[in-house]
Amino acid sequence: MGDTPARVRALLSLTLAIGLGLSMSGCVTQKAKPSASPTPSPTATVTAPPTSIAPLRGTTVPAGSLDHASIAAKIDNLPSARPQVGLESTDLVYQELVEGGLTRYVAVWQSSIPALIGPVRSIRPMDPDIVSPLGGIICYSGGQQRFIDLMRKTPVYNAIHGQADTASTFFRTPTKAAPHNVLVKAPELLAQHADIPAPAQQFQYAPAPASTAATAGTPTAAISYAFSGVTTGSWTWDATKAVFLRSQGTGPDLDSAGAQLSTTNVVVMRVTVTTDQNVPKTNLIGSGEAWISSGGRTVHASWTKASATDPIHLADDAGAPVLLAVGNTWIELVPSAGSVSVVAPG
């Protein structure tokens, strides 16, 4: 039987549909590959070297650079001993009354150890209370046996002129007359006692603009003091150098290079002084009035010290700890019979 026109049209439609389906199934859609992202360059990580705080200055130093003992020394202050050696490098200096209305220093080095220090002299009864909180080494030329015995009971190594253990580090310089001529080879002495640890921090510090005196004190041109009728001195603010400059008597107090001695902080403590067989003793276990100067300003304060090994604590009139400016400090232990004057700018 022949195909009808309708049947032919149906077969043609079916053939076309099958062909179109086959054609569609054979098509593959190609997806564009994503462009590769650029590889980021590695970022270099810079690690700051570790730091620590210098215990007697408050300065920031490389970690481990000051892991050594402090060296304290009893320093002569007679005119025949001046200029002293190494005072310009000190972290701390304590000025104290001795016989005849004169003064001597207990000077302390730790942040910087000069080649030589001195001239060293004999100790006095208050010196154990000054150096005990530091540990470290104390250099002196001798003294009354009762005072040596007190010093030997402290947690401080006693380096005494004329002993076998100081034969290579203490010597008499020909540039000064005895007894004002005993000097100490400080680095060599320190190297002999590398097992002695660094001192504890003695005061609290803040950067210069944030120190207690700089932020809360009154403007100060000078601090004048008198230990006795024969010993007077002053500290004058030098705004250009941002330090207080030291004078004794009527003239500038010079270091061995001819420069005027200076300090970042001046701490004046009023203390009682008793006499033991004609030897004055500054009484440091207790409390009293104080003035702290830094940044060209001075704040009134108080001091306390609970025991021989306890450091001196400074507090403002509200009872808050006094923050010294970062740098060196001179402590004037002015007797209550002496005088202190804070001079305002003219």
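One can find the structure itself at the top, above this paragraph.
Residues numbered from 1 in each chain as written. Predicted model: local features only at pLDDT ≥ 70, side-chain atom pairs only at ≥ 80, totals over all residues. Heavy atoms only, no water.

Below, the discussion takes up the nonpolar core. Y94, F203, M269, I292 and L314 are the most contacted members of the largest nonpolar core, which has 36 residues in total. Core analysis: the next-biggest nonpolar cluster, separate from the first, contains 33 residues, I137, L189, I223 and V266 among them. (Core = buried A, V, L, I, M, F, W, Y, C linked by side-chain atoms within 4.5 Å. Buried < 20%, exposed > 50% of the residue type's maximum accessible area, 1.4 Å probe, protein only.)

Attention now moves to unusual backbone geometry. With an omega dihedral of -5 degrees, the bond running from R82 to P83 counts as a cis peptide bond. Within the secondary structure layout, P83 lies in the loop between β3 (71-75) and β4 (92-97). Despite not being glycine, N278 has its phi angle at roughly 70 degrees, a positive value. Structurally, N278 can be placed in the loop between β19 (273-276) and β20 (279-282). (Helix = DSSP H or I, 4+ residues; strand = E, 2+ residues; numbered from the N terminus.)

Attention now moves to the pattern of salt bridges. Under the counting rule described, the total for this entry stands at eight salt bridges. Among the salt bridges present, the one from D91 reaches R57, with a minimum N-O distance of 2.6 Å. Placement of the pair is D91 in the loop between β3 and β4 and R57 in the loop between β1 (51-53) and β2 (60-62), with a sequence separation of 34 residues. When its relative accessible area of 19% is taken as the criterion, R57 is described as buried. For R146, the salt bridge is made with D276, and the minimal N-O distance between the two is 2.8 Å. Taken together, the positions of R146 in helix α3 (residues 145-152) and D276 in strand β19 put the pair 130 residues apart, joining distant regions of the chain. Relative accessible area serves as the criterion here: at 32%, D276 is assigned to the partly exposed category. When salt bridges with common partners are traced through the structure, they connect K74, E96 and D127 into a single cluster. (Salt bridge = Lys/Arg side-chain N within 4 Å of Asp/Glu carboxyl O.)

Here we take up the side chain of T173. Turning to its location among the elements, T173 is positioned in the loop between β9 (170-172) and β10 (182-185). We classify T173 as buried; its relative accessible area is 8%. At a separation of 2.8 Å, a polar atom in the side chain of T173 contacts the side chain of T175. Discounting chain neighbours no more than four positions away, the residues touching T173 are N181 and L183. (Polar contact = N/O pair within 3.5 Å; in protein donor to acceptor, adjacent residues only side chain to side chain. Contact = heavy atoms within 4.5 Å.)

Glancing now at α3. The complete set of buried residues in α3 reads F147, I148 and M151. Looking straight down α3, one finds that the buried residues subtend no more than 100 degrees of arc, so they occupy a single side. In the core, the buried residues of α3 are packed alongside α2 (127-131), β7 (137-140), β8 (157-160) and β20. (Arc of directions from axis to C-beta.)

Inspection of every chain in the model, using the stated rule, returns four aromatic pairs. Summarising the aromatic geometry, the rings of Y225 and F227 are spaced 5.6 Å apart at their centres and angled 85 degrees between planes, so their arrangement reads as edge-to-face. Residue F227 is classed as buried on the basis of its relative accessible area of 3%. With 4.9 Å between their ring centres and 55 degrees between their planes, W237 and F244 make a pair best called tilted. Owing to a relative accessible area of 23%, W237 belongs among the partly exposed residues under this scheme. Following the ring pairs from residue to residue traces out a cluster consisting of Y105, W235 and W330. (Phe/Tyr/Trp six-rings, centres within 6.5 Å; stacked < 30°, edge-to-face > 60°.)

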